[in-house]
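Descriptive analysis of the structure
Residue-level listing of the chains:
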Amino acid sequence: FEAVAEEVAQVLGLRNAAVSRYDDDGEAMTVLATYGDHPDNFGPGSRWPLVGQSMSAKVLHTGRPARIEDYAGLEGPL
C-alpha cells in the first residue's frame, strides 16, 4: 500500500497521499499507508470518524470522486 500511495502522489504531483479503507459501519476510515508530509497522528492504523464535510466523507456518501480546495472553514477531524 505504501508503494501505491507513493505512485499516486508522484503521478498526480501531490505533496502527500494516503491509502485508506472505510470501516464496515461507514462511520470511520482507517489509514493503511501514507506517503510524503503528514501529521504524525495520521499514520497507518489510525482511525478517523467520517463527520463534517471532509473529502473522505463526501466520497463515501456520494460514491463519486471529490476535491476540496480549502479546508480552512470546514469542521471535523479530517
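Since the structure is predicted, the reported quantities are computational estimates derived from the model, not experimental observations.

When its secondary structure is counted, the protein shows two helices and three strands. Starting at the N terminus and ending at the C terminus, the protein contains elements arranged as α-β-β-β-α. In terms of overall dimensions, the protein is globule-like: its C-alpha atoms have a radius of gyration of 12 Å, near the 12 Å expected for 78 residues. Projected onto its principal axes, the C-alpha coordinates of the protein cover approximately 30 × 25 × 25 Å. Among the 78 residues that make up the protein, the fraction classed as buried is 26%. If you take every contact in the protein between residues at least 6 apart in sequence, the share linking residues at least 24 apart comes to 26%. When the accessible surface of the protein is summed, it comes to about 5600 Å², and 50% of that surface belongs to carbon and sulfur atoms.

Quick look at the sheet that holds strand β1 (residues 16-22) now. Taking strand neighbours across the sheet as the criterion, the three strands line up as β1-β2-β3 in an open arrangement whose pairing is antiparallel. This sheet does not close on itself; its edge strands, each paired only once, are β1 and β3 (47-49). Geometrically, the sheet is characterised by an average inter-axis angle of 40° between neighbouring strands, direction not taken into account. Bridging between strand β2 (residues 28-36) and β3 involves three bridges; their strand directions are antiparallel. If you follow Met-29 over to β3, its bridge partner there is Trp-48.

Conventions we followed
Residues numbered from 1 in each chain as written. Predicted model: local features only at pLDDT ≥ 70, side-chain atom pairs only at ≥ 80, totals over all residues. Heavy atoms only, no water. Helix = DSSP H or I, 4+ residues; strand = E, 2+ residues; numbered from the N terminus. Rg over C-alpha atoms; globule rule 2.2 N^0.38 Å. Buried < 20%, exposed > 50% of the residue type's maximum accessible area, 1.4 Å probe, protein only. Contact = heavy atoms within 4.5 Å. Areas by Shrake-Rupley, 256 points an atom, 1.4 Å probe, with all protein chains shown as cover. Pairing = 2+ DSSP bridges. Axes fitted to C-alpha atoms, helices over the stretch in contact; angles between N-to-C directions.

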